[in-house]
Amino acid sequence: MIFKGKSISKTLAAVVVIIIIIIAGVGAYYYYMSTITPSSKITGSITVAAEAGYNDAALEQIAKNYMASHPGTTINVVTLSFGTAVTSYQTAFSSGIDTYDVVFFPNVGYLGSIAQYLINLKPYLSNKNYFPASYNISDIVPSMLSPFEINGSLYGLPCSGDVMLFYYRPSYFNNVTNQKLFLEQYGYPLPNPANTTLTLQQLVDIANFFNGHHGAKYGIIMMTGPDDDDMIQTFLDLFGSVRVADESVLGPVTAPYGDMFSSNGEILSNTSIFKSTLLAFVDLIKDSENPLEASFTTVPGTFARGDAPMMIFWTPPLLTLNNPKMSSIVGDWAVAPRMPGGVSQTGGVGLGIYKGTHNLPLALSFLEYATSPNQSIYYMTLDDLIPFRYSGFSYAISHHLLSTSLIDAVLSNLEDSVQGPANLPYWPQISAAFRGEVPYIFSGKITVAKAASAITAAAVQAGAKVYTGVPPPNPLSGTFNVDAMAGYNDAALKQIASDFMAFHAGTNVNVVSIPYGSVVTDVLTVIICV
Amino acid sequence: MRMNRKYKIGLLFALPIIIYFLIFFLYPLVSLVQNAFTNSAGTFTLANFNYMLRDRILKISLENTAYYFFGSVALQYSVGFWVALILYNYTGRLTSVFRTIILLPLMISPVVIGLMWMLLYNVNYGSIDYLIRIIGLPPVNWLGNMSIALISLIIANTWEYSPFAFLIIYAGLQMVPQQLYEAASVDGLSRFQVFRYITIPSIRASMIVAFLLNSIGVLKGFDLVYVLTNGGPGYSTYILSFYEYVVAFSYFEKNYASAIAILYLLIIGAFVFVMLKFTAVEEYLGLRKIKE
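Residues numbered from 1 in each chain as written. Chains lettered and ligands numbered in written order. Predicted model: local features only at pLDDT ≥ 70, side-chain atom pairs only at ≥ 80, totals over all residues.

**Overview of the overall build of chain A**
Spelled out, the test is: Working definition: helices are DSSP H or I runs of at least four residues, strands are E runs of at least two. Numbering for both runs from the N terminus. Once C-beta atoms are placed from the backbone, each residue is buried if 20 or more other C-beta atoms lie within 10 Å of its own, exposed if 12 or fewer, and partly exposed for counts between those two.
Across its full length, chain A holds 21 helices and 14 strands. Buried residues in chain A amount to 45% of all 530 residues.

**Some words on helix 12 (residues 272-286) of chain A**
Residues and elements named next belong to chain A. For clarity, the cut-off: A helix's residues, less one, multiplied by 1.5 Å, set its expected span. Remark: residues whose backbone-derived C-beta atoms lie within 7 Å of one another are considered to be in contact.
With 15 residues, helix 12 extends 22 Å from end C-alpha to end C-alpha; this agrees with the ideal 21 Å at 1.5 Å per step. Inspection of helix 12 places Phe274, Thr277, Leu278, Ala280, Phe281, Val282, Leu284 and Ile285 among the buried residues, and these make up the whole buried set. Tucked into the core, helix 12 has its buried residues touching helix 9 (200-210), helix 10 (230-245), helix 18 (427-442) and helix 19 (448-462).

**Quick word on the sheet that holds strand 7 (residues 165-168) of chain A**
Residue and element names in this part refer to chain A. As a reminder of what qualifies: We treat two strands as partners when DSSP finds at least two bridges between them.
Ordered in space as 9-7-10, the 3 strands form an open sheet in which the pairing is antiparallel. The open sheet has two edge strands with one neighbour each: strand 9 (310-313) and strand 10 (334-335). Sheet topology places strand 7 next to strand 9; 4 bridges connect them, and they run antiparallel. Residue pairing in the sheet places Phe166 in a bridge with Ile312 of strand 9.

**Regarding the pairing of strand 2 (residues 73-80) of chain A**
Residue and element names in this part refer to chain A. We count it as follows: We call a crossover right-handed when, viewed with the strands running away from us, the connection from the first strand over the helix to the second turns clockwise.
In terms of strand pairing, strand 1 (residues 44-51) meets strand 2 through 8 bridges, oriented parallel. From the neighbouring strand, Gly44 faces strand 2, where its bridge partner is Thr73. Between the parallel pair strand 1 and strand 2, the chain is carried across by helix 2 (residues 56-69), and the sense of this crossover is right-handed.

**Notes on the domain arrangement of chain B**
Residues and elements named next belong to chain B. Formally: These domain limits were set by an automatic method or by a database of domain assignments. Gly is placed with the polar residues, together with every amino acid not listed as nonpolar (Ala, Val, Leu, Ile, Met, Phe, Trp, Tyr, Cys and Pro) or charged (Asp, Glu, Lys and Arg).
The assigned domain composition of chain B is domain 1 (1-36) and domain 2 (51-112 + 146-284). Here the C-alpha centre of domain 2 lies 32 Å away from the C-alpha centre of domain 1. In this complex, domain 1 contributes 4 residues to the contact, which on the side of domain 2 involves 6 residues. Among the residues making up the side of domain 1 that touches domain 2, the classes are represented as 3 nonpolar, 1 polar and no charged.

**Thoughts on the packing of helix 8 (residues 178-187) of chain B against helix 9 (residues 191-202) of chain B**
All names here are of chain B. This is how it is decided: Note on geometry: axes are lines fitted to C-alpha atoms, helical ones only across the stretch in contact, with angles between N-to-C directions running from 0 to 180 degrees. Each angle is binned into one of four classes, with values under 35 degrees roughly parallel, values over 145 roughly antiparallel, values of 65 to 115 roughly perpendicular, and all other values oblique. For any pair of crossing helices, the crossing counts as left-handed if the nearer helix is rotated counterclockwise from the farther one by less than a right angle, and right-handed if it is rotated clockwise.
Where helix 8 contacts helix 9, the two axes come as close as 11 Å, and the packing angle between them is 170°. Taken together, the axes of helix 8 and helix 9 lie roughly antiparallel to each other. The chirality of how helix 8 crosses helix 9 is right-handed. From helix 8, Leu180, Tyr181 and Ala184 reach across to helix 9, where they touch Val194, Ile198 and Ser202. Counted by class, the contact of helix 8 with helix 9 contains 5 nonpolar, 1 polar and no charged residues.

**Looking at the interface of chain A and chain B**
One frequently used descriptor of interface size is the decrease in accessible area upon assembly of the parts. Facing 21 residues of chain A, the contacting portion of chain B comprises 19 residues. Within the residue set of the side of chain A that touches chain B, elements represented by two or more residues are helix 3 (85-94) and helix 18 of chain A. Considering every element that reaches the side of chain A that touches chain B, the biggest residue donor is helix 18 of chain A, with 8 residues. Considering only residue class, the side of chain A that touches chain B consists of 8 nonpolar, 9 polar and 4 charged.

**Some remarks on the packing of helix 3 (residues 56-89) of chain B against helix 10 (residues 204-219) of chain B**
All names here are of chain B. Relative orientation of the contacting elements helix 3 and helix 10 amounts to 140°, with a least axis distance of 9 Å. Classified by the interaxial angle, the pair formed by helix 3 and helix 10 is oblique. Classified by chirality, the crossing of helix 10 by helix 3 is right-handed. Judged by residue contacts, Tyr68, Phe69, Ser72, Val73, Gln76, Tyr77 and Gly80 of helix 3 engage Ala210, Phe211, Asn214, Ser215, Val218 and Leu219 from helix 10. For the contact of helix 3 with helix 10, the per-class residue count stands at 8 nonpolar, 5 polar and no charged.

Following this line, the structure appears as structure tokens:
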């Protein structure tokens, strides 16, 4: 036996010492991170990656401002071609080359595959020397910040916001003839997106109704083409709503684009809700402009030409649809307060710092500067991007960049969006498999089930686990009692308890109504007995 | 064995190219083979090649590559050949103008060509569908239809590279001695006989070189797929080079991408070997003495 007599105590002692050393080490690290101060004068140079035609104008301007206010520093802004950023980072960072010190993430879906090369910003964010009180982290819209978090580490800060929106043209929905015909055809009134959150089925019905009829060329405009994530982003917006409704079984959605995963990180592509949503999605593709070809660049233009009553897209058209030079539907478009199904997807771009940067103080200082309230305005004014700070939205209203109603619609969609940390290391494979398989369903060459199997197989090949139908273990389980005051708050507490139990399977909450006036006596009795 | 001085000097002069060869050719090749036969942890494995046998997308890519190759080469070659013959026989004053226009696609960046064809093929505002609508036919979704997308790529590829075949064959035609045609005229040969017995044998070398270079160019093709279709719709325009790119730079699975690269290399190698073995291309390129 190894553990005998003295050896046990020696082993135990060694284990205890090691644990103490680890705890002390971690504590010391965090203490150090929270107390260290950047050198009194930051100097040197760093390279910042920007994307051509997306955020390069703003980053160039911010870099100029930074250098003017921080003499002795040089910020080189390198502009990458649209869509090449992640590949450039992977290539450089996997070889250990510090080509870029500060990088932008064009899509948080890819954060999982490059996070290993980035520094965790959390310890710095809580250090007032790096991020002073004026930075005001609470000013950042929460759903814009959370996607940059993986397993408790924060790898980026947002520099522009985005959210999927449901655009519609009121003239189609308010038309009495359309309303009458729709009712005759589908047996229920044509829903008005202004005050109704459409269901997925209603969306499909409306798209079918308008496709090629009643003054519309297409039923709906949305991204269905083969470019990168166009197709899957649109799908996830619809699937998110179905998925979120099933959270009690599948576990909470933990990330934008994370809808396809259970809370255990298992892919849900083999589930019945995935397949039924896929079927509805293919139905919508049939009603859309240029099936299998409509892309990020073509979709807003088609809607602006007035070819369809509905569009699912990101925020950029907000800034162009009321411009008579670019739109023929000025005054006849609106944004629904909620996406069909009630859940939206956040997008937006963030900035992070490469682990191997040769000038961390400068990189941190620039990151703070480039995402601060004052400088973040430039993303909006120079690159037409949507704010990610509440103060940015106020600025947009006060400077008449967007109307109050549109800002309200964006903010309400942002609040409804899927939030939480992104952790999608298999995203590229899943996205490619999705855009690879869906056209075969559309063309009638394979069934939805077969496509779902192929997507699942691609994810498994990449290393993902598959959802097996067993609900993830619920950390909240058991029974407990809640005291309520009869006739005062018992009705509300009973309803809240009922909702809680529905959401957290395995829990049992008993609301005990205590007569008015005897609450204090009851509580004191319980405490004394215990 | 000791090297003589002449040999040493020769080696010294050859050293830069030897170093270049070692760094930029041999090292990547060795690295490629090493990656293909290892997993991400660096352990020896045949799993990458084993997976190839089960990889449905690879199979689709190989089929598409075959269609793309035969379609593109046949079209590029015939268009280049016939345009060269027509222009050679054209004796007007606009020869140089036509020649410049024909060679124009060769001078444009492949990415620009891709973007240009993307506009031409657009269903809503593309010129091709505009013309189709004018004659009363329904518009064609050139890039969004799974059955047509690969053909659309072949057409764009032909436009881009047939001038290359044209250039080589046209240069070959210029080298044919005029005396042969004069003698044929004296002998009373028909136009077809002149073509069959004088033109074709005289430009055979150019024809084979053009065919070989066009074929290798098509096998290497990537740019148009990337810009025009991104492999879609579905996997309908996935060709081997594009799939290799996706695996390497989208999935970041360098080991499997290396295995695909080796397969790709073997296919091109086999093609070049067959060409060298069964044609006299080496002789025409001056790589081997012409047999007496």
